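This is what each chain is made of:
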Amino acid sequence: MNSTPCIYVIEDEESISKLIQLYLTKEKMEAVAFFNAEEALQKLDEGCKPNLIILDLNLPGMSGFDFLEKLQKKYEKELPSVMILSARDTDEDIIKGLGYGADEFVTKPFSPSVLVARVKANLRRQSFFLEKMESYIQFGPYTLLLGSCVLKKNGQKISLSSKEYEVLEFLVKNAGQVISPEKIYQNVWKVEYGDITAVAVYIQRLRKKIEDNPSDCKYIKTEFGKGYIFSSDCMTNNC
């Protein structure tokens, strides 16, 4: 998922659309407004897939139900998450909307703050399922997400530069093996010759971020005269 979630708001009442945009923007989300379903479909055809779509049912031209039907045909198994927001609240409408692939049905009138809370919950669920599907490596309280190049400690993201991540990933994938600075440099920097002291600099940076005591390392250890070794003893959840 992107660092700034993108939300499509398909709502023909301008006052409601602006209100939703205001609340979402305050929560550091990108809210893109559409006053009809045709415009939203055109944007989707351009390859701009949002994290979530907030959809009214009573729209001019193409109805919300028609939009959902086209959305299903377009994305099949990778349907974007959809939250219906409508004054239509009969059981038939709710069942039909959910049957077309919507995730939630919110009735009007609504509380903007509650709507935002529902949006956040939806995005958290998406993030959780994506992480479960993504390849990862765990060591101690850390999880290295290989697809998104992210390190987390007990679920909280640890700030790493791209090069710090690449060095850590290379060490973790070769846990238990003593790796020379030359080999790390060649595999991470992708050149055979260069300033090899950069390896030691990045190792020190990583130790400060993941070691409880950088002077007595648990994860990235030094084999003097040989190189570095990532401890394979800690490659479990319970380490």
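Look above for the structure.
Please read all numbers here as calculations on a predicted model, not as lab measurements.

### Quick word on the overall build of the protein
At step 1: In terms of helices and strands, the protein carries eight helices and eleven strands.
At step 2: On C-alpha atoms alone, the protein measures out to a radius of gyration of 24 Å, which is more than a quarter above the 18 Å that the 2.2 N^0.38 rule sets for 239 residues.
At step 3: Principal-axis analysis of the C-alpha atoms places the extent of the protein at approximately 75 × 35 × 30 Å.
At step 4: With 239 residues in all, the protein has 43% of them scored as buried.
At step 5: If you take every contact in the protein between residues at least 6 apart in sequence, the share linking residues at least 24 apart comes to 55%.
At step 6: When the 31 basic and 34 acidic side-chain charges of the protein are each reduced to a single mean position, those positions are 7 Å apart.

### What to know about the sheet that holds strand S2 (residues 30–34)
At step 1: Taken together, the five strands give an open sheet; going across it, the order is S2-S1-S3-S4-S5, and neighbouring strands pair in parallel fashion. With partners counted over all chains shown, the strands left at the sheet margins are S2 and strand S5 (104–107), one partner each. The mean inter-strand angle of the sheet, taken between neighbouring strand axes irrespective of direction, is 20°.
At step 2: Two strands pair when backbone bridges link them, and strand S1 (residues 6–10) and strand S3 (residues 52–55) are joined in this way by four bridges, in the parallel orientation.

### Digging into the packing of helix H6 (residues 162–173) against helix H7 (residues 181–188)
A pair of packed helices is captured by two measures, namely the crossing angle of their axes and the spacing between those axes.
At step 1: Direction vectors running N to C along H6 and H7 enclose 120°, while the axes themselves pass 10 Å from each other. As far as their axial angle goes, H7 and H6 are oblique. Once H6 is placed against H7, the crossing between them reads as right-handed. In contact with Lys 163, Glu 166, Val 167, Phe 170 and Leu 171 of H6, H7 contributes Lys 183, Ile 184, Asn 187 and Val 188.

Reading guide: rules and limits
- Residues numbered from 1 in each chain as written.
- Predicted model: local features only at pLDDT ≥ 70, side-chain atom pairs only at ≥ 80, totals over all residues.
- Heavy atoms only, no water.
- Helix = DSSP H or I, 4+ residues; strand = E, 2+ residues; numbered from the N terminus.
- Rg over C-alpha atoms; globule rule 2.2 N^0.38 Å.
- Buried < 20%, exposed > 50% of the residue type's maximum accessible area, 1.4 Å probe, protein only.
- Contact = heavy atoms within 4.5 Å.
- Lys, Arg positive; Asp, Glu negative; His and termini not counted.
- Charge placed at Lys NZ, Arg CZ, Asp CG, Glu CD.
- Pairing = 2+ DSSP bridges.
- Axes fitted to C-alpha atoms, helices over the stretch in contact; angles between N-to-C directions.
- Parallel < 35°, antiparallel > 145°, perpendicular 65-115°, else oblique.
- Left-handed = near helix turned anticlockwise from the far one by under 90°.

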